Amino acid sequence: MERVWVTNGSTSVAPIVNPLNAACREGFEPTDVYVLDNPFIEEVTDRAVSMIKTIVTAHGGDEPTVTVETIEEERDFEAIVEYLQTAIEAGHDGGAEIAVDVTPGRKFWSIISFQAGRKLNVDHLYYVHLDGGYFGESYPVIPRTAIELIDFTEVL
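Residues numbered from 1 in each chain as written. Predicted model: local features only at pLDDT ≥ 70, side-chain atom pairs only at ≥ 80, totals over all residues. Heavy atoms only, no water.

Draft legend 1. Broad picture of the side chain of Ser-113. Positionally, Ser-113 belongs in helix H4 (residues 107–119). Within the structure, the side chain of Ser-113 is placed 2.9 Å from the backbone oxygen of Trp-109, a separation counted as a polar contact. Discounting residues that sit within four places of it in the chain, Ser-113 has contacts with Asn-8, Leu-84, Val-100, Val-102 and Leu-125. (Helix = DSSP H or I, 4+ residues; strand = E, 2+ residues; numbered from the N terminus. Polar contact = N/O pair within 3.5 Å; in protein donor to acceptor, adjacent residues only side chain to side chain. Contact = heavy atoms within 4.5 Å.)

Here you go:
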């Protein structure tokens, strides 16, 4: 089964990869990953892409196709919406199970992603909640009791 993971870049790697790692632990290993980027966070995104492939394959999935969409201005709202629509529609067109991760990135990126996920009827709207002492840490060093993967499609 095809599975699409839609996420945003961030100023650090952990918020990008921790939700994916948690989702993979629960059996959601994406075949396609879409990442929103901008020039300010490009180096972090490059590291995250490598880790994304490693995380999925370490959980038994095939190496996913990763598509990075770069926008020049982080507040280019039209480009953000277009990125989300394109990624989600590609998943729908392929009959894929679709997850949007609203954990990483600027708050307005998360808000727009959340709204797009609701409006475009995705299967999962994921967010990772960490106990404060582990902010910025990567998944393997975070105790299971300090990290929670929340699927807002089940909450709302």
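Draft legend 2. Geometry of the packing of helix H1 (residues 14–25) against helix H2 (residues 42–58). Packing of H1 against H2 leaves a shortest axis separation of 10 Å and a crossing angle of 10°. By the criterion of interaxial angle, the relationship of H1 to H2 is roughly parallel. Side by side, H1 and H2 meet where Ile-16, Val-17, Leu-20, Asn-21 and Cys-24 of the first sit next to Val-44, Ala-48, Met-51, Ile-52, Ile-55 and Val-56 of the second. Along the lines of polarity and charge, the residues of the contact of H1 with H2 split into ten nonpolar, one polar and no charged. (Axes fitted to C-alpha atoms, helices over the stretch in contact; angles between N-to-C directions. Parallel < 35°, antiparallel > 145°, perpendicular 65-115°, else oblique. Nonpolar A, V, L, I, M, F, W, Y, C, P; charged D, E, K, R; others polar.)

Draft legend 3. Just H2, in detail. Its 17 residues place the ends of H2 24 Å apart at the C-alpha level, agreeing with the 24 Å of an ideal helix rising 1.5 Å per residue. Burial in H2 covers these residues: Val-44, Thr-45, Ala-48, Val-49, Ile-52, Ile-55 and Val-56. Axial view of H2: buried residues confined to an arc of 140°, hence all on one face. Residues of H2 that are exposed and point more than 90 degrees away from the buried face comprise Glu-43, Asp-46 and Ala-58. Where H2 is buried, its residues meet H1, strand S2 (32–37) and strand S3 (65–70). One or two residues past the end of H2 sits Gly-60, with phi positive at roughly 100°. (Expected span 1.5 Å × (residues − 1). Buried < 20%, exposed > 50% of the residue type's maximum accessible area, 1.4 Å probe, protein only. Arc of directions from axis to C-beta.)

Draft legend 4. Just the layout of surface pockets, in detail. Each pocket or cavity is described by its volume, and for the largest pocket that value is around 420 Å³. Around the largest pocket, the lining is made up of 24 residues, and of these Ser-10, Pro-15, Thr-103, Pro-104 and Phe-135 lie nearest the centre. Within the residue set of the lining of the largest pocket, elements represented by two or more residues are H1 and strand S5 (124–130). Ranked by the residues each element gives to the lining of the largest pocket, the list is headed by H1, at four residues. (1 Å grid on protein atoms, 1.4 Å probe; cavity = no way out; pocket = protein on both sides within 12 Å on 5 of 7 lines; lining within 4 Å. Points joined across faces, edges and corners; volume = space filled by probe spheres on them.)

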